[in-house]
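Examination of the molecular architecture
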Amino acid sequence: MTENDDWLDAIKWDAQGLVPAIAQEWGTGKILMMAWMNRESLRLTRESGHVVYWSRSRAKLWHKGEESGNQQVVRAIRIDCDADVVLIEVEQKGGIACHTGRHSCFYRKLDATGQWVEVDPVIKDPKAIYGRP
Ligand SMILES: N=c1c2ncn([C@@H]3O[C@H](COP(=O)(O)OP(=O)(O)OP(=O)(O)O)[C@@H](O)[C@H]3O)c2ncn1[C@@H]1O[C@H](COP(=O)(O)O)[C@@H](O)[C@H]1O
Ligand SMILES: [Mg+2]
Ligand SMILES: [Zn+2]
């Protein structure tokens, strides 16, 4: 029996054909990053077993880790109750999801005085990761 695209049709794509995708670290439950997916990127994510986003700023498919090597290996794909957010459970290669060289993109935290404070360390200098300043 050939599989159909019902699983993709079930998603509530926005007016741009995109859906927000949250990457959550398999095992720790930590939220690593949030980016966007279109139909093709989600299909490729499932088929390849590696996360592929749609970059709005670069307007192209973005195989996470294509420059840095910090790929995300898919362990599970979920949708929320109303099917307008995708959650991908991943193994984060290199332990770095963020292009700032941090584990997670959510490294700034609001403190009691209303300041955003960087609370997580840079694991690797982004210049070393991306080979450019
Ligand atoms: N690596 C990242 C990266 N990692 C995590 N994120 C997060 O992913 C989000 C989506 O990035 P997009 O470029 O798609 O930008 P967007 O949010 O869709 O659109 P804008 O907000 O830029 O308008 C960003 O807002 C970041 O929070 C990253 N955003 C961009 N990059 C760039 O992606 C390129 C490839 O990096 P690797 O995938 O690690 O090889 C490099 O040029 C990196 O600078
Ligand atoms: Mg952004
Ligand atoms: Zn980031």
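Looking at an unreviewed UniProt entry, the chain carries the name Phosphoribosyl-AMP cyclohydrolase, with the source organism given as Thioflavicoccus mobilis 8321. Quoted verbatim from the Function (unreviewed entry) field of UniProt, the annotation for the chain is "Catalyzes the hydrolysis of the adenine ring of phosphoribosyl-AMP."

Moving on to the environment of V117. Along the polypeptide, V117 turns up in strand β8 (residues 116-118). On the basis of relative accessibility, which here comes to 32%, the residue V117 falls in the partly exposed class. Sequence spacing of V117 and Y107 is 10 residues, and the spatial spacing of their C-alpha atoms is 8.2 Å. Setting aside residues up to four positions removed in sequence, V117 forms contacts with Y107, R108, K109 and D111.

Here the focus is the nonpolar core. The nonpolar side chains of soluble globular proteins are, as a tendency, buried together. Within the largest apolar cluster, 18 residues are counted, with the highest numbers of intra-cluster contacts made by M33, M37, V51, Y53, V86 and I88. Looking at this core element by element, the count peaks at 4 residues for strand β2 (residues 31-37). M37 has contacts with W13, G17, L18, V19, A21, L42, T45, V51, V52, Y53, W54 and I88, leaving out every residue within four places of it along the chain.

How each quantity is defined
Residues numbered from 1 in each chain as written. Chains lettered and ligands numbered in written order. Predicted model: local features only at pLDDT ≥ 70, side-chain atom pairs only at ≥ 80, totals over all residues. Heavy atoms only, no water. UniProt positions renumbered as here; feature names shortened; annotations may be inferred. Helix = DSSP H or I, 4+ residues; strand = E, 2+ residues; numbered from the N terminus. Buried < 20%, exposed > 50% of the residue type's maximum accessible area, 1.4 Å probe, protein only. Contact = heavy atoms within 4.5 Å. Core = buried A, V, L, I, M, F, W, Y, C linked by side-chain atoms within 4.5 Å.

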